[in-house]
Amino acid sequence: SRSFPFVSKTMGVDYIEAATRAIMGAPTDDMDLPTLDTTDRPSGYVGVKAPMFSFTRLRGSDPVLGVEMASTGEVACFGATKEEAFLKALLSTGFKMPNKNIMISCQESLQEEMTHSVWQLHELGYHIYATKKTAEVLKKNRVPCTVVSYPTEKGIDTENENVIDLIKSGEIGLV
């Protein structure tokens, strides 16, 4: 597995040596292994792995993933925060930051928490589209946004544009 060496590097522990010692019945007391209660490792950085899908390089491949989420590779990145590490990982896979509008739809229990992040996207110059309930929270917190209707409301909600139509037209660059 590629995960084992990554976790070893991230945690600063040679887990392969520890496993070998354990199999051989040798002591591991001198290895400074973390316990299940260890929460201060790693210190000062976060490690993230992201799948790297290569559909564009695989002629005739099916771009619809099944339950196995088969990838053709992975990237591992480190950052000062989980957000920085994740963004580095995404960018390393060839992900392009949107230069258009962003659509947000968030479950009710996370709506207040995500408001600041959406405000930051607005401050970066992105136009925000949001589904009705998400838009209510954003507007209550003074985050400008345009309300869109759910795909299932196509033809029912005639007041707002349907998100599917906006995605198909290329109006929305990230969901």
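A brief look at the structure comes next. Note that the coordinates shown come from a computational prediction; the quantities given were computed from them, not determined experimentally.

Considerations on the sheet that holds strand E4 (residues 128–131)
Read across the sheet, five strands follow the order E6-E5-E4-E3-E7 without closing on themselves; strand pairing throughout is parallel. Two strands in the sheet have a free side with no partner beyond their single neighbour: strand E6 (161–162) and strand E7 (172–174). Pairing between strand E3 (residues 101–104) and E4: three bridges, direction parallel. Considered in E4, the bridge of Met103 is made with Tyr129. On the sheet, helix H4 (residues 111–123) packs against E3 and E4 and is oriented at approximately 170° with respect to E3. Contacts from helix H5 (residues 132–140) reach E3, E4 and strand E5 (146–149) within the one sheet, and its direction differs from that of E4 by about 125°.

Description of the pattern of salt bridges
Following the criterion strictly, the structure yields five salt bridges and no others. Between Glu17 and Arg21 there is a salt bridge whose closest N-O contact spans 2.7 Å. Remark: Arg21 and Glu17 occur in helix H2 (residues 15–24); sequence separation between them is four residues, near one turn of the helix. Accessibility expressed as a relative area gives 32% for Glu17, which makes it partly exposed. Close ionic contact of Lys140 with Glu112 constitutes a salt bridge, the shortest N to O distance being 2.7 Å. One end of the pair, Lys140, is in helix H5; the other, Glu112, is in helix H4, with 28 residues separating them in the sequence. Look at the salt bridges and you will find they share partners, linking Glu17, Arg21 and Asp30 into a network.

Conventions adopted
- Residues numbered from 1 in each chain as written.
- Predicted model: local features only at pLDDT ≥ 70, side-chain atom pairs only at ≥ 80, totals over all residues.
- Heavy atoms only, no water.
- Pairing = 2+ DSSP bridges.
- Helix = DSSP H or I, 4+ residues; strand = E, 2+ residues; numbered from the N terminus.
- Contact = heavy atoms within 4.5 Å.
- Axes fitted to C-alpha atoms, helices over the stretch in contact; angles between N-to-C directions.
- Salt bridge = Lys/Arg side-chain N within 4 Å of Asp/Glu carboxyl O.
- Buried < 20%, exposed > 50% of the residue type's maximum accessible area, 1.4 Å probe, protein only.

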